[in-house]
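Fold and contact review
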Amino acid sequence: MDKKQHRADTAKNKSAVYYIEYFTDKYKIPLAAAGAVLLTVLPFAAGSQYIVTTAVKIGIYMMLALGLNILVGYTGLVSLGHAGFVAIGAYTASLLAVKLGLGFFAAVILGMLAAGLSGLLVGLPTLRLSGTYLSIVTLGFGEIVKTVAMNWDPVTNGTLGVKNIPSPSVFGYKLTIANNGLYYLMLAMLLLTALFCYAVCKSRTGRAFLAIKTDEMAGIMMGINVTYYKVLAFVLSAVISAAAGALYAVMIGYIDPNTFTFDVSTLILSIVILGGMGTIRGMFLGAAILISFPEVSRSLMDYRFVVYGLILVIMMRFRPQGLLGWKSQMPYKISEQVKSRLDSAAVLPGAEQ
């Protein structure tokens with residue numbers, strides 16, 4: 001009788017979040033298959049290049065949000081100049097493609113390396129900064145990158161920007177919006193980014209990031225190399241942002257310094273906060289809402305940043321964890337390796353004493 005009562009009380013205390021997680025965990029394979037089919041047929045079902053272009057833009061901002069989420073959501077370091085990393089990736093890949101004729105994928109890799117080096121240079125001097133001071137430094141970095149792009153005429157073409165950015169090609173087949181190739185390239189890059197972020201989150205590195213975010217001093221006392229992991233967070237975030245920036249450049253075919261303003265940094269941060277800092281699922285929802293919003297509500301296009309600001313204020317006041325930023329209520333899954341160690345130590349229930 002006591003056991004039945006305990007089960008009833010347990011079921012009564014379970015919230016809607018538990019049942020949502022239980023359902024998605026139980027049917028994750030069918031749901032993933034359905035999602036894959038839906039995303040695959042979307043360009044054909046849409047029947048419009050405008051919808052496909054919007055979908056590609058949403059996917060790019062999902063990548064940008066995933067990159068910033070490593071820095072803000074996992075490590076607790078707020079950046080207001082992430083447009084600088086996006087610009088470095090976009091300019092490096094575009095200039096290498098236009099002036100040297102380098103292929104898209106090789107140019108993207110070099111752009112990611114350039115942004116990673118920039119992340120290292122930004123991360124090292126800001127190790128002792130946090131909160132408002134760190135935000136101001138990153139804001140300054142974004143403005144410095146924009147100013148360099150605007151005044152370094154021999155390389156960046158200054159205010160004229162970079163024109164006629166070639167489309168990516170695979171074995172001679174060009175990937176464009178018209179043939180849906182750019183859409184599927186975006187899906188592949190988004191999938192790789194999401195899997196990489198998931199692997200980082202579940203690894204020792206991800207746990208170190210969360211320890212620094214929760215209590216930096218406690219992390220130091222536990223032997224975590226805070227200097228190394230903070231710089232690593234900057235580098236990883238910059239590399240992902242650069243890849244997304246390069247893809248954005250080939251999508252629009254033209255970039256100039258005004259393409260990467262403070263508004264871009266604000267938008268990426270808004271996506272992270274709206275979706276849920278420290279989650280991967282939240283980045284997808286946040287980008288889908290904030291990027292599609294101006295397209296759906298054209299009458300509010302001129303006021304979109306006012307709306308973004310209101311969203312930030314409302315979310316931080318009433319739901320700081322974001323729309324999908326709840327804590328998991330599912331039982332913690334222990335790996336088989338850990339289980340075998342616990343069994344040998346006779347720690348788990350039912351183990352031999």
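Residues numbered from 1 in each chain as written. Predicted model: local features only at pLDDT ≥ 70, side-chain atom pairs only at ≥ 80, totals over all residues. Heavy atoms only, no water.

**So, the packing of helix 4 (residues 49–74) against helix 12 (residues 226–252)**
Packing of helix 4 against helix 12 leaves a shortest axis separation of 7 Å and a crossing angle of 170 degrees. Relative to helix 12, the element helix 4 lies roughly antiparallel. In this structure, helix 4 crosses over helix 12, and the sense of that crossing is left-handed. Together, Thr-53, Val-56, Lys-57, Ile-60, Met-63, Leu-64, Gly-67, Leu-68, Ile-70 and Leu-71 of helix 4 and Ala-233, Phe-234, Leu-236, Ser-237, Ile-240, Ser-241, Ala-243, Ala-244, Leu-247, Tyr-248 and Met-251 of helix 12 make up the contact between the two elements. A per-class count over the contact of helix 4 with helix 12 returns 16 nonpolar, four polar and one charged. (Axes fitted to C-alpha atoms, helices over the stretch in contact; angles between N-to-C directions. Helix = DSSP H or I, 4+ residues; strand = E, 2+ residues; numbered from the N terminus. Parallel < 35°, antiparallel > 145°, perpendicular 65-115°, else oblique. Left-handed = near helix turned anticlockwise from the far one by under 90°. Contact = heavy atoms within 4.5 Å. Nonpolar A, V, L, I, M, F, W, Y, C, P; charged D, E, K, R; others polar.)

**Brief notes about helix 5 (residues 83–99)**
Taking 1.5 Å per residue as the helical rise, helix 5 with its 17 residues ought to reach 24 Å, and the 23 Å between its terminal C-alpha atoms agrees with that figure. Across the 17 residues that make up helix 5, a large majority, 14, are buried. Looking at the residues trailing helix 5, positive phi occurs at Gly-101, about 70 degrees. (Expected span 1.5 Å × (residues − 1). Buried < 20%, exposed > 50% of the residue type's maximum accessible area, 1.4 Å probe, protein only.)

**Brief notes about the packing of aromatic side chains**
By the definition in use, this model includes six aromatic pairs. When the centroid spacing of 6.1 Å and the interplanar angle of 90 degrees are considered together, the rings of Phe-209 and Tyr-229 count as edge-to-face. Taken together, the residues Phe-209 in helix 10 (residues 204–214) and Tyr-229 in helix 12 connect sequence positions 20 residues apart. Under the relative-accessibility criterion, Tyr-229 is labelled buried at 12%. Chaining the aromatic ring pairs together yields one cluster made of Phe-209, Tyr-228 and Tyr-229. (Phe/Tyr/Trp six-rings, centres within 6.5 Å; stacked < 30°, edge-to-face > 60°.)

**Structural notes on the nonpolar core**
Counting residues in hydrophobic clusters, the biggest one holds 91 residues, and the most contacted among them are Tyr-61, Phe-209 and Leu-247. Of the residues forming this core, the biggest block, 17 residues, is contributed by helix 12. Filtering out sequence-adjacent residues up to four positions away, Phe-209 remains in contact with Ile-70, Tyr-74, Thr-75, Val-200, Tyr-229, Leu-232, Ala-233 and Leu-236. (Core = buried A, V, L, I, M, F, W, Y, C linked by side-chain atoms within 4.5 Å.)

**Thoughts on the confidence of the model for the protein chain**
Looking at the protein chain as a whole, its pLDDT mean stands at 82, while 83% of the residues score no less than 70. Below pLDDT 50 for its whole length, residues 1–12 participates in one contact with residues either more than four positions away or in separate chains. (pLDDT = per-residue confidence, 0-100.)

**Regarding the environment of Val-250**
For Val-250, the location among the structural elements is in helix 12. Val-250 gets classed as buried once you look at its relative accessible area, which sits at 10%. Spatially, the C-alpha atom of Val-250 lies 8.9 Å from that of Thr-176, the residues being 74 residues apart in sequence. For Val-250, the residues in contact, after removing those within four places along its chain, are Phe-104, Ile-165, Pro-166, Pro-168 and Leu-182.

**Overview of the side chain of Ser-237**
With respect to the helices and strands, the residue Ser-237 is situated in helix 12. The class for Ser-237 is buried, based on a relative accessible area of 0%. Not counting residues up to four positions away in its chain, the partners in contact with Ser-237 are Gly-67, Leu-68, Leu-71 and His-82.

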